[in-house]
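# Remarks on the overall topology
Below are the chains, spelled out letter by letter.
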Amino acid sequence: MIKRADFVPDEEWNRFKEITKDFATPNIFVNLDLIEKNYRQLNKTFPYGKTYYAVKSNPGVPVLRLLDKLGSNFDIATRYELDMVLAQGISPDRVSYGNTIKKAVDVEYFYQKGVRLFATDSKDDLKNIAAKAPGSKIYVRILIENSSTADWPLSRKFGCHPDMAYNLLVMAKEKGLIPYGISFHVGSQQRDIGQWNDAIAKTKYLFESLEEEEDIKLEMINMGGGFPAHYIQPTNELSEYASEITRYLNDDFEKIPKIFFEPGRSLTGDSGILTSEVVLISRKNNTSLARWVYLDCGMFNGLIETMGEAIKYPVVTDKDREGVKEGEVILAGPTCDSADIMYENEKYKLPIDLKSGDKVYWLSTGAYTASYASVGFNGYPPIKIYYYDQKAVYDEAGNTLKEL
Ligand SMILES: *Cc1c(COP(=O)(O)O)cnc(C)c1O
């Protein structure tokens, strides 16, 4: 049995239950205070780092407002995310356009809105940036190939070989852009801290060779995301990541350059709890031991990162208790698609007396959940997400629903 108290302490759990008791399932409740705590902790462990929040992990207006207040910057992937951030009154000089896959018209849009910091990893994109965002700062994303220790890898699709990064930065200078730095992402939920070592070593090589051979002085390393949230598989504490990464930087650089981070999961993951209800429990033949537990949430409604059983969320129920008899389950969603199965190979165990109508809670579901839900597959509306702090409950758009 997964111990809920290992993830959510009693006091916070009781408050969560009280606040959420009248809301229809499925829903996700995000505790903003936890995001604030994670943000402060990250900035304390990396005092030399500058944070660009990866908006895609949880784009709710209450999160944007909170991080604005705390002084964060924002890593943005699309014009729609940009609009959401600017609508909060956040200045464009706190925005980085981190998506390397973009249209020329979108580069132009960002430039017109005042953004002057762009990621790239290809010639065509760099040409667009030179044409549509003249004089901007450029950082080139390098390819990280060995991401098998990341539970949600972001490799292959993004980044280029360091040799190409070199050429792109030379070309950036020739085209009147400012060659500013190097970025990488070692893969999301990266459990092997050593991955940062390799990436930093490649970065150092680029800093040195560009200065020696081309008189290009890079200033910045953008280390992306990758820091973990708390799921079932154990990870090191953030402090371990910080001390190791700081050591790599000190080993490779005489003076540590400007360091940017783009945390998503590590800021928002632990802040959310998804509440679902058991629709049906069945067995596929008279003697099978495993029960199929069908829930009112699923792969298409908040739990896309269970694809390939990649992210293993802690799952708990109200019937969990010391000594309870439990049995293996296959956890599946409610839609008419057989891909809508969350866990089959990973053997989750739930109490034998679990029944239709009982609640099943998915812990650490604050990142990459609600915003990934389908808009209406099988007619199911996208899962609702709510936010709360000490004062009130808010909806996704930031409206106050209920004072606390
Ligand atoms: C998704 C993404 C992030 C966030 O990564 P996490 O592992 O969730 O912290 C950061 N940077 C870029 C460019 C991304 O695409």
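Criteria and thresholds
- Residues numbered from 1 in each chain as written.
- Predicted model: local features only at pLDDT ≥ 70, side-chain atom pairs only at ≥ 80, totals over all residues.
- Heavy atoms only, no water.
- Domains from an automatic or database assignment.
- Buried area = accessible area lost by both parts, 1.4 Å probe.
- Salt bridge = Lys/Arg side-chain N within 4 Å of Asp/Glu carboxyl O.
- Phe/Tyr/Trp six-rings, centres within 6.5 Å; stacked < 30°, edge-to-face > 60°.
- Helix = DSSP H or I, 4+ residues; strand = E, 2+ residues; numbered from the N terminus.
- Buried < 20%, exposed > 50% of the residue type's maximum accessible area, 1.4 Å probe, protein only.
- Contact = heavy atoms within 4.5 Å.
- Patch = residues over 30% accessible without salt bridge, like charges linked within 9 Å, V, L, I, M, F, W, Y side chains within 5 Å.
- Areas by Shrake-Rupley, 256 points an atom, 1.4 Å probe, with all protein chains shown as cover.
- Lys, Arg positive; Asp, Glu negative; His and termini not counted.
- Charge placed at Lys NZ, Arg CZ, Asp CG, Glu CD.
- Near = heavy atom within 4 Å.
- Polar contact = N/O pair within 3.5 Å; in protein donor to acceptor, adjacent residues only side chain to side chain.
- Nonpolar A, V, L, I, M, F, W, Y, C, P; charged D, E, K, R; others polar.

Right, let's get into the domain arrangement of the protein chain. How large an interface is tends to be reported as the accessible area lost when its parts come together. When the domains of the protein chain are assigned, the result is domain 1 (32-266) and domain 2 (269-403). The distance between the C-alpha centroids of domain 1 and domain 2 comes to 32 Å. Around 2200 Å² of area is buried between domain 1 and domain 2 when both sides are counted, 56% of it from carbon and sulfur atoms. Between domain 1 and domain 2 we count 1 salt bridge in total. Between E305 and R265 there is a salt bridge, with its nearest N and O atoms 2.8 Å apart.

What follows is about the packing of aromatic side chains. Within this structure, the stated rule accounts for 26 aromatic pairs. Ring geometry for F29 against Y388: centres 6.3 Å apart, planes inclined by 50°, an arrangement best described as tilted. Of this pair, F29 sits in strand β1 (residues 27-31) while Y388 sits in strand β18 (residues 384-388), and the two are 359 residues apart along the sequence. Y388 shares its class with F29; the two are buried. Both rings, one in Y180 and one in F260, keep their centres 6.4 Å apart while their planes meet at 55°; by these two values the pair is tilted. One end of the pair, Y180, is in strand β8 (residues 178-183); the other, F260, is in strand β11 (residues 258-261), and 80 residues separate them in sequence. The burial state of Y180 is the same as that of F260; both residues are buried. Aromatic ring contacts, followed pair by pair, group F46, Y48, W196, F227, Y241 and F261 into a single cluster.

What follows concerns the environment of A104. Secondary-structure assignment places A104 in helix α5 (residues 104-113). Here A104 is in contact with N128 and K132, once residues within four sequence places are set aside.

Together, E174, E212, E213, E214 and D215 give the surface a local cluster of negative charge. Top contributing element to the negative patch by residue count: helix α8 (residues 194-214), with 3 residues. Structurally, E214 is set in helix α8. In this structure E214 comes out as partly exposed when scored by relative accessible area, which is 30%.

Around the ligand sit 13 residues, and of these K56, S188, E262, G264 and Y368 come closest. Contact between the ligand and E262: a nitrogen atom at 2.6 Å from a side-chain N or O atom of the residue. Protein coverage of the free-state accessible area of the ligand, which is 390 Å², stands at 93%. Within the shell around the ligand, the residues separate by chemical class into 3 nonpolar, 5 polar and 5 charged.

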